[in-house]
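Fold and geometry: a report
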Amino acid sequence: MPAAPDPGRPPGDGRLLTDGRVVTPRGVLNPGWIRLAGNLIDAVGTGDPPERVAPERPAVDLRGQWVLPGFVDMHVHGGGGASFTEGTEDDARKVAEFHRAQGTTSMLASLVTAPLAELEARAAMLARLADAGVIAGLHLEGPFLSPARRGAQDPRYMIAPDVAVFERLHAAARGHLRVITLAPELPGALAVIQAATRVGVIVAIGHTDATADVTVAAIDVGATHATHLFNGMRPPHHREPGAAGALLDRSEVTCEVIADGVHLHDIVVRLAARAAGPGRLVLVSDAMAAAGMPDGRYQLGSMRVTVAGGVARLQEDRAAIAGSTATLADVVRHAIAAGLPVPDVAAAASTTPARVLGLAGRTGALSPGLAADLVVCDDDFRPRAVMRQGQWLAGPAGY
Ligand SMILES: [Zn+2]
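Values in this document were obtained by computation on a predicted structure and should not be read as measured data.

**Some points on the packing of helix H2 (residues 116-131) against helix H3 (residues 163-172)**
Orientation of H2 relative to H3, taken along the N-to-C sense of each, is 30°, at an axis distance of 8 Å. Relative to H3, the element H2 is oriented roughly parallel. Within the contact between the two elements, H2 uses Leu116, Leu119, Glu120, Ala123, Ala124 and Ala127 and H3 uses Val165, Arg168, Leu169 and Ala172. Per-class residue counts for the contact of H2 with H3 are eight nonpolar, no polar and two charged.

Structural data, given as structure tokens:
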């Protein structure tokens with residue numbers, strides 16, 4: 001016979017985090033508390049926490065530190081010296097582990113343009129990690145991109161959009177392909193946009209030389225996301241606002257920004273945030289292997305990259321920035337320092353990307369019923385402890 005539930009015991013498993021500055025979709029609770037139930041958030045509140053009836057589990061006193069929802073990064077190539085774009089399955093696990101310890105509790109694995117057979121093989125390998133819950137799915141940043149806006153990607157393997165090729169890559173990912181970035185001005189792009197949206201893959205516009213009109217046509221047939229807005233696009237002009245202008249203008253489009261202080265001027269970050277609003281802005285890291293590592297030489301797919309002063313550039317073309325060396329936590333900290341309100345930053349780093357990826361019922365906010373995915377940050381928004389699905393991953397002893 002199971003024991004009858006103790007009527008005096010609150011629901012949840014007795015674990016309680018108290019005295020945090022808890023950032024919820026309805027504002028910052030200060031002081032706020034979070035009650036856990038297994039791997040879920042059971043309740044969130046402000047003021048006096050619920051009475052303690054689990055003396056074997058003392059409440060964790062957060063001493064006024066910030067509590068943000070675990071970050072959801074839609075655009076990650078690597079980190080901690082390893083990559084999704086090359087190397088083994090173990091390397092890919094290392095990337096996920098590195099970013100998780102920095103607060104990114106959900107992430108897509110982003111591939112760059114490569115020969116098709118290689119993309120297929122990597123998609124199949126990463127699909128296994130998605131099955132295992134290590135990553136939330138895949139993002140194909142290529143191969144249907146414009147050489148004119150190639151950034152750090154290898155133009156030798158860029159090809160015109162082709163529905164049959166898309167279907168091969170989609171099949172290799174076994175249902176885990178979430179996002180494909182393409183250039184809508186290329187011949188065949190509209191057919192691929194329609195094929196992708198039909199099977200539930202988000203079409204993102206990026207690495208594109210498209211005009212505003214061409215971009216509008218792509219949105220009209222189903223593109224809903226912007227890959228690192230402004231980067232890898234023709235610069236907006238007041239008579240030709242380009243892809244960036246058109247994407248920002250449309251209310252159904254969510255816009256990634258790499259607010260790391262390198263890829264975009266802070267004024268542009270603020271303008272984009274105001275224009276998009278907190279429900280459409282998505283902060284991403286676009287991190288490559290060098291994130292969390294010293295300056296030196298790294299790979300991004302087939303391209304050689306040199307990192308100096310924390311800025312990654314192509315070895316062959318020093319003008320091309322090659323992804324970032326930032327974690328999403330670094331981007332969050334920079335966006336707040338640039339003047340974005342903390343709740344808007346939490347929306348852009350967690351809630352909105354979770355919604356875009358169809359994960360809003362599972363994670364992305366400090367709300368009852370969602371996974372206990374959270375990041376405890378100090379006053380400077382440096383991550384001090386990370387919880388994923390109710391388990392502390394990183395943080396001082398005693399948490
Ligand atoms: Zn990228």
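Further notes follow.
**Side note on the environment of Met293**
Within the fold, Met293 resides in the loop between strand S16 (281-283) and strand S17 (296-300). Residues Met293 and Gly45, 248 residues apart in the sequence, show an inter-C-alpha distance of 38 Å. Here Met293 is in contact with Gly80, Gly81 and Tyr298, once residues within four sequence places are set aside.

**A closer look at the coordination of the zinc ion**
Of the protein atoms, only His75 (NE2), His77 (NE2), Glu141 (OE) and Asp286 (OD) coordinate the zinc ion, at distances of 2.0 to 2.3 Å. For the zinc ion, the four donor atoms in the first shell make angles of 84 to 168° at the metal, so the coordination geometry reads as irregular. Counting residues between consecutive donors of the zinc ion along the chain gives the motif H-x1-H-x63-E-x144-D. Side by side, His75 and His77 carry an identical accessibility label, which is buried.

**Observations regarding the sheet that holds strand S19 (residues 311-314)**
A sheet is described by the order of its strands in space; here three strands give the open sequence S17-S18-S19, paired in antiparallel fashion. The open sheet is flanked by S17 and S19, the only strands paired with a single partner. The mean inter-strand angle of the sheet, taken between neighbouring strand axes irrespective of direction, is 35°. For strand S18 (residues 303-308) and S19, the ladder comprises four bridges, and the chain directions are antiparallel. Note that in S19 the partner of Val305 across the bridge is Leu314.

**Some points on the side chain of His225**
Inspection of the secondary structure assignment puts His225 in strand S14 (residues 225-226). According to the relative accessible area criterion, His225 is buried, its value standing at 0%. Only 3.0 Å separates the side chain of His225 from the side chain of Glu256, close enough to count as a polar contact. Beyond its immediate sequence surroundings of up to four residues, His225 is in contact with Met74, Ile202, Val203, Ala204, Ile205, Leu247, Val253, Thr254, Glu256, Val282 and Val356.

**Here's the deal with the pattern of salt bridges**
One side chain can pair with another of opposite charge once the charged atoms of both are near each other. Per the stated rule, a full pass over the model turns up 14 salt bridges. Residue Arg250 is joined to Glu252 by a salt bridge in which the shortest nitrogen-to-oxygen separation is 2.9 Å. Residue classification places Arg250 among the buried residues on the basis of a relative accessible area of 19%. Exposure remark for Glu252: the relative accessible area of 38% places this residue in the partly exposed category. One network of salt bridges, in which partners are shared, links Glu89, Arg93 and Arg128.

Parameters at a glance
Residues numbered from 1 in each chain as written. Predicted model: local features only at pLDDT ≥ 70, side-chain atom pairs only at ≥ 80, totals over all residues. Heavy atoms only, no water. Axes fitted to C-alpha atoms, helices over the stretch in contact; angles between N-to-C directions. Helix = DSSP H or I, 4+ residues; strand = E, 2+ residues; numbered from the N terminus. Parallel < 35°, antiparallel > 145°, perpendicular 65-115°, else oblique. Contact = heavy atoms within 4.5 Å. Nonpolar A, V, L, I, M, F, W, Y, C, P; charged D, E, K, R; others polar. Donors = N, O, S within 2.8 Å, 3.2 Å for Na, K, Ca; no water. Tetrahedral: all angles 85-135°; square planar, octahedral: opposite > 155°, others 65-115°. Buried < 20%, exposed > 50% of the residue type's maximum accessible area, 1.4 Å probe, protein only. Pairing = 2+ DSSP bridges. Polar contact = N/O pair within 3.5 Å; in protein donor to acceptor, adjacent residues only side chain to side chain. Salt bridge = Lys/Arg side-chain N within 4 Å of Asp/Glu carboxyl O.

Remember, this is a structural readout, not a statement about activity or role.
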